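Spelled out, the chains give:
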Amino acid sequence: MSIQEINKHAVLPPIISRSDKEFLERMQRYIITETERVGCDEEGPADEYYIIYRNVFDKLKALAAEPMALVYHRKRTIQLEARMRAIENNSSKIQSQIDKMKQLRAEYDAKEVRYHTFSKDPSKPIPGMTLQDSVSLVALTKYLKHLEDKYAEIKQAMLKKYVPVQRKAELDEEMIVTLKRRDLAENLNKELQFRHQRLLIISNALTSWVKSDMSSSFQDFVEQIQKTQSLHVIIGDEGIVEELLEDDPGKAKEAEILLCYIERFNELMLLGEYEKAACFAANSPRRILQNIGTVNKFKAVGKIRGKPFPLLLFFEAIFSTSHASRRPIDAELTLEGIKCGLSEKRLDLVINWVTQERVTFSEELGDVICDYGEQDTYNKAKCLALAQMIYSECGLHKKTLLCLCKQGQIHRAMEYIPQFKDFTYDDLMQLIKLCPHTELIQCLTREWNGKPPSLSFGLVTLHLFSVDMKKVGIKLLQEISKGGKGIVEHLMINDPFFSLENWQEMANICLQNGFDKLSHDIMSILQSQAGVTEISEEDDTVNLMEHVFW
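No experiment lies behind these values; they were computed from the predicted model shown. (Residues numbered from 1 in each chain as written. Predicted model: local features only at pLDDT ≥ 70, side-chain atom pairs only at ≥ 80, totals over all residues. Heavy atoms only, no water.)

**Q** Would you mind going over helix 11 (residues 292-301) with me for this structure?
**A** Three- or four-residue spacings in an α-helix give side chains the same orientation, since the helix completes a turn every 3.6 residues. Burial in helix 11 covers these residues: T294, V295 and F298. One side of helix 11 holds all its buried residues, which, seen down the axis, span an arc of 100°. With a side-chain oxygen lying 3.1 Å from the backbone nitrogen of G293, the N-terminal cap of helix 11 falls on N291. Just downstream of helix 11 lies G302, where phi reads positive at about 75°. (Buried < 20%, exposed > 50% of the residue type's maximum accessible area, 1.4 Å probe, protein only. Helix = DSSP H or I, 4+ residues; strand = E, 2+ residues; numbered from the N terminus. Arc of directions from axis to C-beta. Polar contact = N/O pair within 3.5 Å; in protein donor to acceptor, adjacent residues only side chain to side chain.)

Structure, rendered in structure tokens:
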């Protein structure tokens, strides 16, 4: 299509308004500017001319679509405004409902509900009456009288047993005033008792001075008595003479201070201030409240929902103070405290108490921690380590060795055995029974650091099959069979405690449990040994290793 044809068919839209006229003029200026810039005219080139007019037509198309887009936008605006009004109406309704519910709840909370009425099904029989009595007017009247009497009795009991809250406040004030009066009276009474004791001593001293030759002054006589403390017979309390004669009531009031401390502790317990009571007991003078009696008081409280366990608070407090004063808690309290901590699954506290030397070690303490480790398999290793430390400090070497083996520290256990001479053959066999590790058995039945085996491999194996530990014995035989005939021969030659009959029994056991090759190796080694002869059943004195010592 030529440029003339494009111009011929290019029809501009009719001018509708001033803005349209201005837009058209801009388009005409755009056409002129672009044609001049690219250097083309109506004769060509056609491509650049086409691009210019295409851009003009696109802008005209956009102009023509503007009224319709405006209409759509206005319509959408109306729809959104309607929706916003609907949402606001719904929101106001919901808010009004919420406010109404809040008001009703506030009114309900403000009411003092004194009685609760219970509705009962009138069709059901009256409790305590038969069906015949429930339709009898006489019986119903009698039953009504019974209920009225019971109601009056309950009402009278309520008046006697309960008092208004205001009355409780008045009683509390009266109790405070009475306690103050009691304290003043007790202080006065103790001061008078102190004076009485002092005067009694002076009176007795004066009587003794009069009965004497009165060669010295009374003051010198009293000083001499104070030095010799001969008045102990008079008053029957050692050390009280010097305190009273010096007019120093401090020491005499120590018992009073301790008594007041105990009374204050009991008051805190009655008020439910268990945390304060625990700290109070932990800091008591002379540890007067650190005893089993105090423990029983906290035990009697039990657990309180939503609050820390009072007994655990007590033990936390006393163990903390023991660390500060560097005086460990005694064995009895230590055992109770560890049991309490473990019952509350607070192994972290127990570890801290034990490792920080805040407790007194004992065999029972180690046993308790070991038993807990058997129940809590996740923390078993930690419990065994704690128990090992306790047993070691207490000199319980057998239990220390058992803890090492249960932790899998076999090499450390083997180094521990030679350090003490009190490990017997029975002790080591009992160790294998309690901790049947294959590695432990192998270490005990072989040379260790140039020293002979602690146990006989053959005897240990036979013992395992005789005490219903067949699985362990089979596992041990499996390990031996892996080493071949050389290992078996080495064990047999270096085992002087195992007789020929024992090795024959061992071969039979191997054969019965599927170790045919191992059984054959044992028998062939027996037959190949120099000096081995056929042994009759009657001759039980022959030892397989006899030739070794000749």
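Okay, back to it.
**Q** Would you explain the environment of R264 in this entry?
**A** Along the chain, the position of R264 falls in helix 9 (residues 254-270). Counting along the chain gives 17 residues from R264 to A281, while the straight-line C-alpha distance between them is 9.9 Å.

**Q** Is there a simple way to explain the side chain of T294 in this structure?
**A** By secondary structure assignment, the location of T294 is in helix 11. Discounting residues that sit within four places of it in the chain, T294 has contacts with F265, A281, L289 and F314. (Contact = heavy atoms within 4.5 Å.)

**Q** How should I be thinking about a nonpolar patch on the surface in this particular structure?
**A** A surface patch of nonpolar side chains, amounting to about 330 Å² of accessible area, comprises M68, V71 and Y72. Along the chain, M68 turns up in helix 3 (residues 46-110). What makes M68 partly exposed here is its relative accessible area of 46%. (Patch = residues over 30% accessible without salt bridge, like charges linked within 9 Å, V, L, I, M, F, W, Y side chains within 5 Å. Areas by Shrake-Rupley, 256 points an atom, 1.4 Å probe, with all protein chains shown as cover. Salt bridge = Lys/Arg side-chain N within 4 Å of Asp/Glu carboxyl O.)

**Q** Would you mind showing me how to read the confidence of the model for the protein here?
**A** In low-pLDDT regions, the fine details of the predicted coordinates are not to be read closely. For the protein, the mean per-residue pLDDT works out to 75, and 76% of the residues sit at or above 70. Taken as a whole, residues 113-118 scores under 50 in pLDDT and shows zero contacts with residues more than four places along the chain or in a different chain. Below pLDDT 50 for its whole length, residues 530-550 participates in 24 contacts with residues either more than four positions away or in separate chains. (pLDDT = per-residue confidence, 0-100.)

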